[in-house]
Amino acid sequence: MTSGSLDIRPNAVAGPRLHNGAYREGTTSIRSDIEIPLQAPVLDSRRCGMKPLSTESLRSPVDFRGRRLVGSDTVTVDTNYICQEPAPVSSHQPTPPINSDSLRRLCGRLLSMTHQFPALSAAQKKDLHDTALRIVAPGKGILAADESVGSMAKRLAQVGVENTEDNRRQYRQILFSADERINGCIGGVIFFHETLYQHSDSGVPFVKMIRDRGIMIGVKVDKGVVPLAGTSGETTTQGLDGLSERCAQYKKDGASFAKWRCVLKISDTNPSRLAIEDNANVLARYCSICQQHGIVPIIEPELLPDGDHDLKRCQYVTEKVLAAVYKAMSDHHVYLEGTLLKPNMVTPGHACSTKYSPEEVAMATVTALRRTVPPAVTGVAFLSGGQSEEEASVNLNAINTCPLAKPWILSFSYGRALQASALRTWRGHKENQNAATEQFIKRAEAGVNSLACQGKYTGGENGGERGQHLYGPSHAY
Amino acid sequence: MFSRFQHMTAVVKDPKRLRPVCPPWTNGIAAADARPLHAASRHRLRFASMTHQFPSLSPEQKKELSDIAQKIVAPGKGILAADESTGTMGKRLQMINVENNEENRRYFRDLLFSVEPIANSIGGVICFHETLYQKADSGKFFPQAIKDKGIVVGIKVDKGTANLSGTDGETTTQGLDGLSERCAQYKKDGCDFAKWRSVLKISDGCPSALAIAENANVLARYASICQQNGLVPIVEPEILPDGAHDLKRCQYVTEKVLAAVYKALSDHHVYLEGTLLKPNMVTAGHSCTKKFTPQEVAMATVTALRRTVPSAVPGICFLSGGQSEEEASLNLNAINQMPLLRPWKLTFSYGRALQASALAAWQGKPANKAAAQQAFSTRAKINGMASKGEYNPSGSADQSSMQSLYTASYVY
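Now for a quick tour of the structure. Since this is a predicted model, take the numbers as computed values, not measurements. (Residues numbered from 1 in each chain as written. Chains lettered and ligands numbered in written order. Predicted model: local features only at pLDDT ≥ 70, side-chain atom pairs only at ≥ 80, totals over all residues. Heavy atoms only, no water.)

1. Quick word on the sheet that holds strand E9 (residues 296–303) of chain A
Residue and element names in this part refer to chain A.
Part 1 of the reasoning: What the eight strands build is a closed barrel, ordered E3-E4-E5-E8-E9-E10-E11-E12; its pairing is parallel.
Part 2 of the reasoning: Sheet topology note: the strand E10 (residues 340–341)/strand E11 (residues 379–382) ladder contains two bridges and is parallel. Note on E11: the bridge partner recorded for Leu341 is Val380. (Pairing = 2+ DSSP bridges. Helix = DSSP H or I, 4+ residues; strand = E, 2+ residues; numbered from the N terminus.)

2. Overview of the nonpolar core
Part 1 of the reasoning: Tyr222(B) and Trp362(B) are the most contacted members of the largest nonpolar core, which has 115 residues in total.
Part 2 of the reasoning: Tallying contributions element by element places helix H10 (residues 247–267) of chain B first for this core, with eleven residues. (Core = buried A, V, L, I, M, F, W, Y, C linked by side-chain atoms within 4.5 Å. Buried < 20%, exposed > 50% of the residue type's maximum accessible area, 1.4 Å probe, protein only.)

3. What to know about the pattern of salt bridges
Pairing is possible between side chains that carry opposite charge, provided their charged atoms lie close to one another.
Residue and element names in this part refer to chain A.
Part 1 of the reasoning: Within this structure, the stated rule accounts for 40 salt bridges over all chains.
Part 2 of the reasoning: A salt bridge links Arg443 to Glu389; its shortest N-O distance comes to 3.9 Å. Of this pair, Arg443 sits in helix H14 (residues 433–444) while Glu389 sits in helix H12 (residues 389–401), and the two are 54 residues apart along the sequence. Neither Arg443 nor Glu389 differs from the other in exposure class; each is buried.
Part 3 of the reasoning: Members of the salt-bridge network, linked through shared partners, are Asp146, Lys220, Lys259, Arg261, Glu300, Glu302 and Lys342. (Salt bridge = Lys/Arg side-chain N within 4 Å of Asp/Glu carboxyl O.)

4. Points about unusual backbone geometry
Part 1 of the reasoning: Omega for the peptide link from Asn270(A) to Pro271(A) comes to -5°, which places this bond in the cis form.
Part 2 of the reasoning: Secondary-structure assignment places Pro271(A) in the loop between strand E8 (257–264) and helix H9 (273–292).
Part 3 of the reasoning: Note that the residue after Cys206(B), namely Pro207(B), is joined by a cis bond; omega there is -5°.
Part 4 of the reasoning: Within the secondary structure, Pro207(B) sits in the loop between strand E6 (193–200) and helix H9 (209–228).
Part 5 of the reasoning: Even without glycine at this site, His269(B) takes up a positive phi of about 60°.
Part 6 of the reasoning: If you trace the backbone, His269(B) turns up in the loop between H10 and strand E8 (276–277).
Part 7 of the reasoning: According to the relative accessible area criterion, His269(B) is partly exposed, its value standing at 44%.

5. Re the packing of aromatic side chains
Part 1 of the reasoning: Applying the stated criterion to the full structure yields ten aromatic pairs over all chains.
Part 2 of the reasoning: Geometrically, the ring pair formed by Phe348(B) and Tyr350(B) is tilted, given 5.5 Å between the ring centres and 40° between the ring planes. Here Phe348(B) and Tyr350(B) have matching classes, each one buried.
Part 3 of the reasoning: Through successive ring pairs, a cluster of aromatic residues spans Phe176(A), Phe191(A) and Phe206(A). (Phe/Tyr/Trp six-rings, centres within 6.5 Å; stacked < 30°, edge-to-face > 60°.)

6. Some remarks on the pairing of strand E7 (residues 232–239) of chain B
Residue and element names in this part refer to chain B.
Part 1 of the reasoning: E7 sits mainly inside the fold: eight of its eight residues count as buried.
Part 2 of the reasoning: The two faces of E7 match: Val232, Ile234, Glu236 and Glu238 on one face and Pro233, Val235, Pro237 and Ile239 on the other face are all buried.
Part 3 of the reasoning: In the sheet, E6 pairs with E7 via eight bridges, with the strands oriented parallel. Each bridged residue has a counterpart across the sheet, and for Phe193 the counterpart in E7 is Val232.
Part 4 of the reasoning: For the handedness criterion, the β-α-β arrangement of E6, H9 and E7 is classed as right-handed.
Part 5 of the reasoning: With H10 bridging E7 and its parallel neighbour E8, the resulting β-α-β unit is right-handed. (Right-handed = clockwise from strand over helix to strand, strands pointing away.)

Given below as structure tokens:
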């Protein structure tokens, strides 16, 4: 039996090894030394059940609205899984008889669900949760700069630039050399593997440039989609092999969160039950592995907007997909407070003839999320999925002003919607670099997306009155 | 419209089959959002699954269900569970040496329902079948008397538990047969919500995957049928407090059970905004040697709910299980003071925890009626305050001793 020190080798179980599978109770508790005096929070009347805080200071950090955060995981540090003497089994609940214990190990699926085995220590949970909060801190979102080599080829081709490693490096440099104005807009940047190890022209590693701004570093860890045989062109996503070791390495190289993209599509026969379940399962495996290494997993079950389906259909499918995703998360014992969701907004298909207002998109999106995403999930950062820069911002704003109660932080994780103007301005010419960077900052900063997070963006031409009456009755969704 | 599965579909000769299929209440007129079904897609159900939404509830039905649910869990209100079956009522009456006959049961229910100001703290009353057709002393039928107070009437619709063979004494719940017709009748007779209790237990090998899956499924079927008939289903997956397990274990099991329940509800296309949840609070087992404070219970409970219950659910009404009246109120109060974001109402649906004192005060004697009513009224008021986190038990811990309880909490 090992001693009780924390062991973070890949695949090691965090915490003391259990003797004979006995479930170990905690011994002592340590108080955390985080103590923040709290002001009275703003009572949001839409969020029922919130009670004004007393003025005495409580030992828990606050979120951007002055509400206390997850009190449980940050109030005390439980030494259950950190420093514990291996105690004789007899001092605890009676050890289950050998046969049922080995039976349990052999037949996990049959007995299942009855005993909790250590997955994350209190400190690990706290780290994950704090990181997640920092990524989606007030008014901040995520820059998805993780286009693979193949995707970058398409982007660069649009502006007539050759797809070489140096060109990709130049392009990312344009984004990362944005000045401190983006510090308040971007909470995290998702890197592609290659980019994680590249430098600017002056030899500064990109990772350092970003980290020095106080922005979290993320990395795309999946290895692309592969077909599911027997389906109508559906896919799952690969990348689980050796993921644990890769995560450990990424963590050392500065990453604190990761992203994994699963793709589903809507058609007459899709998404099939297999596609939904397999993608949900693979997402949950990825999350479980990431969390073991202190990396916050961003869950991305993207429903493509291709097709002529209408808004209702997209909402329905989104609800089914997300329900499956979170069931899988539960089954794989994923710590929800230490994850983020990156879903598609609920929109009609590109070829749908009916046009919908941003309020309708917002109502459908928020309704779908309310029905499926547990409140414990820290934040939801929408993907832009082919929407124009303007469209993405307007929709995000409508989502934030939707009059339904939303218990998660709502933000953005945009690739094209943040970079398109910058790319067009650059066109591969060195002399355009500064102008291109300005374009990027404008998109990120000038109040566009970050204010959209807080529901203040008033839109391009029609600055106007997007009153609540435009949302319509929620029970119609 | 051609589909690649055409060879698998029935030959469509009758043009009538191409008409949109409408639920009966629309009088054959498709609602604006109803999706026309052609024969091909109906037969494609198994292959396509999940891709097409078929009409289950119209917007008006959804609104009705949602309104009823909101009314039941209006701020400061909870549910009186007065749905003890005849046998269970017998056990209660036996404790005060009262004969278990129909009149006594009627008298006691009337005692409770006729208390004047309870509408301030009671949003809904769950009745047993028999009670629905009994009359108050005033001569009105109970459903009418309750409704006149602005309280919503509910009905227990399950038919008790049934064994799951091959498990360690686990059960599922029966009552689905003819449930649709029964619900339609109850709706006519004045009910607007229903309750169905599934039971799970914690032990070395329980709850098993089968018990969880089966109970979740049967709850989802019940919910689906209720909504079709305009009744708001209260979903009750009770995990018994029997056993020596600690708080952590109960939290873990509760999370697994609720995750399964909400997945089943999603699979069965249940309209979450028109449902309510009636779970157990997360507590240690009765024979657990360690004692936990209300704050610890509250933290574990709210954490478990936040991880599993979508915010579309309007309200969560806790069952009291075996808790004493005071314990149940203190725990509910602590739950509503938790510094975690709670997007649903958190209130009570108490049976014993509301009626115990009243029963004890009554003792079967009409002379004690006022005292019994007073006892009930007090409990109702206290729980109403607890559902807002405003209950301040007089003579109990002041602020400073409340504070010290926070530092000893477990990480959940």
